[in-house]
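Here are the chains, one letter per residue:
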Amino acid sequence: MKKAVICGYYGQGNGGDEALLVSLLQMLPSQIQPIVLSANPQQTHKRYGVNSCSNRSAFAILKALKTSDMFIWGGGSLMQDVTSWASPIYYAVLMALAQQEGLKTIAWAQGIGPLRHPFTRWLTHQVLLGCTAVSVRDGASAKLVSQWQINPLIAPDPVWALTGKSIPGLVDIPAPRVAVNLREHPQLTPQRLKILTKALIDFQKATNVCLLLVPFQASQDLSIAHSLASQLPGSHQIIHLEDPRELKGLFREVKMTIGMRLHSLIMAVAEESRCFALSYDPKVSRLMEEINLPGWKLTELPDDPNIISSAWLAHYANGKTLNRNYLQSLIDRALIHQEILKRVCE
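On a predicted model such as this, the values are computed, not experimentally measured, just so you know.

Cut-offs applied
Residues numbered from 1 in each chain as written. Predicted model: local features only at pLDDT ≥ 70, side-chain atom pairs only at ≥ 80, totals over all residues. Heavy atoms only, no water. Pairing = 2+ DSSP bridges. Helix = DSSP H or I, 4+ residues; strand = E, 2+ residues; numbered from the N terminus. Axes fitted to C-alpha atoms, helices over the stretch in contact; angles between N-to-C directions. Contact = heavy atoms within 4.5 Å. Buried < 20%, exposed > 50% of the residue type's maximum accessible area, 1.4 Å probe, protein only. Lys, Arg positive; Asp, Glu negative; His and termini not counted. Salt bridge = Lys/Arg side-chain N within 4 Å of Asp/Glu carboxyl O. Phe/Tyr/Trp six-rings, centres within 6.5 Å; stacked < 30°, edge-to-face > 60°. 1 Å grid on protein atoms, 1.4 Å probe; cavity = no way out; pocket = protein on both sides within 12 Å on 5 of 7 lines; lining within 4 Å. Points joined across faces, edges and corners; volume = space filled by probe spheres on them. Nonpolar A, V, L, I, M, F, W, Y, C, P; charged D, E, K, R; others polar. Arc of directions from axis to C-beta. Right-handed = clockwise from strand over helix to strand, strands pointing away.

Caption draft 1: Summary view of the sheet that holds strand β13 (residues 295-297). Strands sit in the order β10-β9-β8-β11-β12-β13 across an open sheet of 6 strands; the sheet is parallel. The open sheet terminates on both sides in strands that have one partner only, identified here as β10 (236-238) and β13. In this sheet, neighbouring strand axes are inclined to one another by 15° on average, regardless of whether the strands run parallel or antiparallel. Inspection of the sheet shows strand β11 (residues 256-259) paired to strand β12 (residues 274-279) by 4 bridges, in the parallel sense. In the strand pairing of β12, Thr 257 is matched with Cys 275. Packing of helix α8 (residues 218-229) onto the sheet brings it into contact with β8 (177-181), β9 (210-213) and β10, and relative to β10 it is tilted by some 160°. Running at roughly 170° to β12, helix α10 (residues 262-270) makes contact with β8, β11 and β12 of the sheet.

Caption draft 2: The side chain of Asp 17, seen in detail. If you trace the backbone, Asp 17 turns up in helix α1 (residues 15-27). Despite its burial, Asp 17 remains without a salt bridge, the nearest opposite charge being carried by Arg 261 at 6.4 Å. When residues no more than four places from it in sequence are discounted, the contact partners of Asp 17 are Tyr 9 and Tyr 10.

Caption draft 3: Looking closely at the packing of aromatic side chains. Tallied over the full model, the rule gives 8 aromatic pairs. With centroids separated by 5.9 Å and ring planes inclined at 15°, the aromatic side chains of Trp 85 and Phe 119 adopt a geometry described as stacked. Of this pair, Trp 85 sits in the loop between β4 (70-76) and α4 (86-100) while Phe 119 sits in helix α5 (residues 118-129), and the two are 34 residues apart along the sequence. Measuring from ring centre to ring centre gives 5.0 Å for Tyr 90 and Tyr 91, while their planes differ by 75°; the resulting arrangement is edge-to-face.

Caption draft 4: Inspection of empty space enclosed by the protein at higher detail. What the rule picks out here adds up to 1 cavity of 30 Å³ or more. Residue lining of the largest cavity: Val 180, Asn 181, Leu 182, Leu 213, Val 214, Pro 215, Asp 221, Ile 224, Ala 225 and Leu 228, and that is the complete set. Going through the elements one at a time, β8 and α8 are the ones with two or more residues in the lining of the largest cavity. Per-element accounting of the lining of the largest cavity gives the leading share, 4 residues, to α8. When the residues that make up the lining of the largest cavity are grouped by side-chain class, the tally is 8 nonpolar, 1 polar and 1 charged.

Caption draft 5: Molecular detail of α8. For α8, every residue scored as buried is listed here: Asp 221, Ile 224, Ala 225, Leu 228 and Ala 229. The buried residues of α8 all sit within an arc of 140° when viewed along its axis, so they share a single face. Those residues of α8 that are buried are in contact with β8, α7 (190-207), β9 and β10.

Caption draft 6: Structural detail: the pairing of β4. With 7 of its 7 residues buried, β4 lies for the most part within the structure. Relative to β4, strand β1 (residues 2-7) is paired through 4 bridges, and the arrangement is parallel. Each residue of the ladder has a partner; that of Val 5, found in β4, is Phe 71. Across 6 bridges, the pairing between β4 and strand β5 (residues 104-110) is parallel. Across the sheet, the residue bridging to Ile 72 is Ile 106, located in β5. Between the parallel pair β4 and β5, the chain is carried across by α4, and the sense of this crossover is right-handed.

Okay, structure coming up:
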C-alpha cells in the first residue's frame, strides 16, 4: 500500500474545495492510502474516513512526507496571488519539500493564476517544473504553464464528475425552487448587494418561487444569506450543507440557480439546473465563456434592479439547461484527471 499526502484548501468549511477533495478521493486508485492535510483534521477524518493531519503543524507535515510516496496538490486555485502572497508561497514550499524528499509530485486539476507578481510567477514555474505530472482545469491555465515548456493534461473541473446525493426532506420544501449563492467579496459592494436584493424581491414576486439561499462557506456566505432572508417577501430557506455530495445533489431539485461561486455553478449545471452567473473572479468568467453561461461580471452589473430581474425572469421562463450530450462529455472528460493519478501510481 503506497501513501499519498494530499494538500489543498481543506477543513476550512468551503463547499467547493471539499467537493474537490471528495472528487479526488473518488478518483484515487484503491492501492493508494491518502493522508489529507487539513485545517480541521479531526473533522476531515470523521467525514471522509481518511487519515488526516494538521496543515499548520510543520512536524506532522514533515512526518507525513517522510513516510509517503506521493504528494498531490488536490485541485483548485492554490497558486494565485490575488488574495495574498501567503497562499502561493505556502503551497509552493510544501511542493518543494515533497520534491526534495524524492516523492512523486502531482499538480492535480489546478486553476493556475492570476499571478500578478514576478516572484509568485517564478515560484509557481519552479515547482511545476519539478512535478512528475500536471493537470489543469481550464484553457487559460494550460496556456500559462505551456509558456513554461510544461505540457499539462487539460480536463474540466473534477467536480463535474462528483456523484451527488439526494437530500432527505427537500421534497417538503415548496416548488418551484430557485437557488441563490452569494459570497462576501470587495466587488460585491453594499450598493451592488442592495441592487441584487431588490432584483431578487421583484423576481420572487413575479414568479412565486421558493428561494433557497445556499452558502458554500459560512464565514463568507452566511451573513449575506441571513441579510437576504430578512428582506424576502415570499417562501425562502437557508440551506447550509457540509457534505459536498449532498450540496451537489441539492441542485437536482432546483429549477434555476443564481450563483457567484465557481462550484455552485458547476454543480448546478451538472445537475441540469438553469444557471445565471455573477462573476467576481476570472475563473468564473472562464466558465461562463467555455459553456456559454448567461450572467454579468459584478463590475459590469446594471445599476437598475429591473434590468436584472427581467433578465432572470427571461432565463427562468425560457432559458435552457446544457445540452445533455455536451454535459455528458464534460463529465466524461473530467474523469481524465483520474488517468493522471493512475499513471503516476503505477
